[in-house]
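Below, each chain spelled out in residue letters.
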Amino acid sequence: MSQTTVPVGSPLARKVFGAALFANTQRQPSLMNNLTGAAPKQSAAEAKLKGQTSPDMPLVRVTDLTKSQGDQVSVDLINQTGGKPIMGDKQAEGKGERLDMSSMDIRIDLATKVVDAGGKMTQQRTVHNLRGLAMANLQGWFRRFNDQSTIVHLAGARGSQVGTDWVVPMTSDPDFGEIMINPVKAPTFNRHWVADGTSLVQGGQALGAIDTTDTFKLEHLDHLGAIIDDMEFKLQPIKIAGDAAADDEPLYLLLVTNRMWQSILTNTAANSLQWRTFLQNAWNRASSFTGPKKHPLFTGEAGIWHNILVRKMDRAIRLNPGDSVQYCTQAGQATAAQADVTIPTLQPGYAVDRGMLLGAQALAHVYGKNQGSDTYANWMENRYNFERNLEVAGEVMCGKAKLRFSVPDARGNKIPTDHGVMVLDTVVNLNT
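Residues numbered from 1 in each chain as written. Predicted model: local features only at pLDDT ≥ 70, side-chain atom pairs only at ≥ 80, totals over all residues. Heavy atoms only, no water.

**Details of the overall build of the protein chain**
Within the protein chain, the secondary structure is distributed over 7 helices and 21 strands. By element, 50% of the accessible surface of the protein chain is carried by carbon and sulfur atoms, the whole surface being about 21,400 Å². (Helix = DSSP H or I, 4+ residues; strand = E, 2+ residues; numbered from the N terminus. Areas by Shrake-Rupley, 256 points an atom, 1.4 Å probe, with all protein chains shown as cover.)

**Digging into the packing of aromatic side chains**
What the rule picks out here adds up to 6 aromatic pairs. Summarising the aromatic geometry, the rings of Trp141 and Phe145 are spaced 5.3 Å apart at their centres and angled 15° between planes, so their arrangement reads as stacked. One end of the pair, Trp141, and the other, Phe145, are both in helix H3 (residues 130-155), 4 residues apart, so they sit about a helical turn from each other. Note on Trp141: relative accessible area 15%, which makes it buried. When the centroid spacing of 5.3 Å and the interplanar angle of 65° are considered together, the rings of Phe289 and Phe298 count as edge-to-face. (Phe/Tyr/Trp six-rings, centres within 6.5 Å; stacked < 30°, edge-to-face > 60°. Buried < 20%, exposed > 50% of the residue type's maximum accessible area, 1.4 Å probe, protein only.)

**Description of the pattern of salt bridges**
By the definition in use, this model includes 8 salt bridges. The network of salt bridges with common partners includes Lys402, Arg404 and Asp418. (Salt bridge = Lys/Arg side-chain N within 4 Å of Asp/Glu carboxyl O.)

**Let's talk about helix H7 (residues 272-287)**
The end-to-end C-alpha distance of H7, which contains 16 residues, comes to 22 Å, matching closely the 22 Å that a straight helix rising 1.5 Å per residue would cover. Within H7 the residues assigned to the buried category are Trp275, Phe278, Ala282, Arg285 and Ala286. Buried residues in H7, looked at end-on, bunch into an arc of 110°, giving them a common side. For H7, the exposed residues set more than 90 degrees away from the buried face come down to Leu273, Arg276 and Trp283. (Expected span 1.5 Å × (residues − 1). Arc of directions from axis to C-beta.)

Quick look at the structure:
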């Protein structure tokens, strides 16, 4: 008996069109559950094109496939209309500017994890409820899988950090591409910055010349802020419910590793006033929120500099000396052509960590409908060995991808651009 399957790319596989409509923002106003918002609809895109503001978060939840069949959705970006006006009584008919749009597809797949809760004698020998422990273990596993796959997609690299809590394998693993579902794309050239002393260099090729003096500093936040201010179509700022200053002070989020945080603390120690101001800025912003409690992004250690909220993340995208890293070349900007660069030899105990500067709508998380539960997740149990042993399994039907659209530059050329995320590579000292 043969099994019926519909492979990836089959003409039988359905795609949902127009799941979300994004708008390219103007210069003026327009971990992971705390960064998630709903998918923007046409009304939200229209508001942005008119220069209005709307609440947005870095991670976008797209639920269209929980309502209908299909294994991928199409998300779209509509660019602003440019060009000069037609004056006076000059002929205007037939001279309309065509609406300019680009789109990308995001695919979903089924991810399953199984835990064996043992047999009758295993249960007899322990005072613990192994079924309950297996379920709790699976829930923790899926939380890590969700967080780690999100970070890898946003960073555009897996890095070399390993440990028993890492469930996303290295890129050398033959199953890596299938596990990530959608391609992990290196940062576009215009969204990649590398530390060089107290300044930043654009493009990942600069990783080939990075050295131990290129640690994370407050000056890099000043430079990032200036880069955002100068963007023709800047990253959309994050808007958090209750943030009274959102319209006047656009907010961005920089996720850094523990070692990057240590670097900025160490480099600022000579000027304790700067460090106190950095932390005080975050406290002041959080205190201006309306509502019963502070937003989770502002709990614990956090600082703000140049309207950039800096937060630590639990794990690192770490690049070790000798690692080969993919980056988008300057010459290949029009196609997001990728090449490899090797992390140079550094002093013993030094490596390169990647931080991620997030605006709104950086990554889309697409959910499918699991027919076993009518939600995207399902819980299953399987008795075997004459009903004496128990396996428990969890499965989720979803997919995620960094949002990337082709947007026109100053000369009208369409340039692939990561929509809501920039990366910052700095050296870290692992000896301290």
